[in-house]
Amino acid sequence: MTENLVQNEIQNEKAEMIEPASAENSESFSQKAVEKKDSENIGQSVNSDPKENLILGKFKSIDDLSKAYEEIQKLQGKTSDELGNLRKNLTDFNNLKEVSQNIMQLKEALIPCIKRDKELYDTPEYFQNETFKEIYTEALMAYGDNLDTDRMVSLLEAYVNDRIKNHDKENSAKKETQGILDSMIYEKNPKNSINPPKKSLSQMSEDEFRESIRKLI
């Protein structure tokens, strides 16, 4: 009985010695945890969002903002110019494409006409002559498949014949005039006989020509 009482007292004393230490350790650990958490919170409050001190969240100063705005304006102007050039090039391309399509359609429409005309006029006077080919090409571009090649050839032949006739008439008139002038080139000698002058009419001066005329009067 006495031994049991002694053991109980010893256990109680041990328990009293352990409890204050545990409480002290627990309090110290809790305090350190709170201090660590407060330190982390303070760090987070200082560096939580660094963009809060920037203009529009991006620029450190008004100068930086102005420079960025100027760069945006330059880029916008360059983009507008490039867009304008692209639109112009697209318009030119569409126009060229339309012209090309029209030429192809015209060419396809003219193939039967050209084939027929070459069979009829493939001669040295017509399609084998470079001048006629040029005239035919110009007429074909102007009239297309509405070109009346037979009428065109007929008009060209009539024109050429008229030019030949006029040329012959001019040559004939020149010869006739020269004959008349040649017949008038003479002078009267003392015996009233007619001798040709020493000079032709074209070689005479104005005074010599007048003198010759006086001799005839």
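Residues numbered from 1 in each chain as written. Predicted model: local features only at pLDDT ≥ 70, side-chain atom pairs only at ≥ 80, totals over all residues. Heavy atoms only, no water.

1. Overview of the packing of aromatic side chains
In this structure the tally under the stated criterion is five aromatic pairs. With a centroid separation of 5.3 Å and an interplanar angle of 75 degrees, the aromatic rings of Y121 and Y126 are classed as edge-to-face. Y121 sits in the buried class, given a relative accessible area of 12%. Its relative accessible area of 16% is what places Y126 among the buried residues. Between the aromatic rings of F127 and F132, the centroid separation amounts to 5.6 Å while the plane-to-plane angle is 85 degrees, which identifies the pairing as edge-to-face. Note on accessibility: F127 and F132 belong to one class, buried. Taken together through their ring pairs, the aromatic side chains of Y121, Y126, F127, F132 and Y136 make up a single cluster. (Phe/Tyr/Trp six-rings, centres within 6.5 Å; stacked < 30°, edge-to-face > 60°. Buried < 20%, exposed > 50% of the residue type's maximum accessible area, 1.4 Å probe, protein only.)

2. Details of helix α3 (residues 130-143)
Taking 1.5 Å as the rise per residue, α3 with 14 residues should run 20 Å; its terminal C-alpha atoms sit 20 Å apart, in good agreement. Every buried residue of α3 is accounted for by F132, Y136, A139 and L140. All buried residues of α3 fall inside an arc of 100 degrees around its axis, so they share one side. Exposed side of α3, more than 90 degrees from the buried face: E130, T131, E138, M141 and A142 are the residues found there. Taking the backbone nitrogen of T131 as reference, a side-chain oxygen 2.9 Å away marks N129 as the first, capping residue of α3. (Helix = DSSP H or I, 4+ residues; strand = E, 2+ residues; numbered from the N terminus. Expected span 1.5 Å × (residues − 1). Arc of directions from axis to C-beta. Polar contact = N/O pair within 3.5 Å; in protein donor to acceptor, adjacent residues only side chain to side chain.)

3. Here we look at the confidence of the model for the chain
On average, the chain scores 74 in pLDDT, and the residues at 70 or more come to 66%. The element-level mean pLDDT for the chain is lowest in strand β1 (residues 187-188), coming to 48, with α3 highest at 89. This stretch, residues 18-27, has a pLDDT under 50; its non-local contacts, to residues over four places away or in other chains, come to zero contacts. Confidence drops under pLDDT 50 across residues 43-47; counting only partners more than four residues distant or on other chains, this segment forms one contact. (pLDDT = per-residue confidence, 0-100. Contact = heavy atoms within 4.5 Å.)

4. Some points on the side chain of T149
Note that T149 resides in helix α4 (residues 149-183). Those residues within four positions of T149 in sequence are excluded, and the remaining contacts are R116, D117, Y121 and Y136.

5. Overview of a nonpolar patch on the surface
On the surface, a nonpolar cluster with roughly 290 Å² of combined accessible area is contributed by Y159, V160 and I164. Relative to the helices and strands, V160 resides in helix α4. Look at V160 and you get partly exposed, because its relative accessible area is 43%. (Patch = residues over 30% accessible without salt bridge, like charges linked within 9 Å, V, L, I, M, F, W, Y side chains within 5 Å. Areas by Shrake-Rupley, 256 points an atom, 1.4 Å probe, with all protein chains shown as cover. Salt bridge = Lys/Arg side-chain N within 4 Å of Asp/Glu carboxyl O.)

6. Quick word on the nonpolar core
One broad trend across soluble globular proteins is that nonpolar side chains are buried collectively. By size, the foremost hydrophobic cluster in this structure holds 12 residues: L110, C113, Y121, Y126, F127, F132, Y136, A139, L140, L147, M152 and V153. For this core, the element with the most residues is α3, which contributes four residues. Not counting chain neighbours up to four residues away, the residues in contact with L110 comprise L140, G144 and D145. (Core = buried A, V, L, I, M, F, W, Y, C linked by side-chain atoms within 4.5 Å.)

7. Examining the side chain of D117
Looking at where D117 falls in the secondary structure, it is placed in helix α2 (residues 62-121). A distance of 2.6 Å separates the side chain of D117 from the side chain of Y136, its partner in a polar contact. Non-local contacts of D117, meaning those with residues more than four positions away in its chain, are made with D122, F127, Y136 and T149.

8. So, the packing of α2 against α3
Relative orientation and spacing of two packed helices are given, respectively, by the angle between their axes and the distance between those axes. Where α2 meets α3, the closest approach of the two axes is 11 Å, and the angle between their N-to-C directions is 135 degrees. Relative to α3, α2 is oriented oblique. Crossing geometry of α2 relative to α3 is assigned as right-handed. Between α2 and α3, the contacting residues are L106, L110, C113, I114 and D117 on the first element and Y136, L140 and M141 on the second. Here the residues of the contact of α2 with α3 are counted per class, giving seven nonpolar, no polar and one charged. (Axes fitted to C-alpha atoms, helices over the stretch in contact; angles between N-to-C directions. Parallel < 35°, antiparallel > 145°, perpendicular 65-115°, else oblique. Left-handed = near helix turned anticlockwise from the far one by under 90°. Nonpolar A, V, L, I, M, F, W, Y, C, P; charged D, E, K, R; others polar.)

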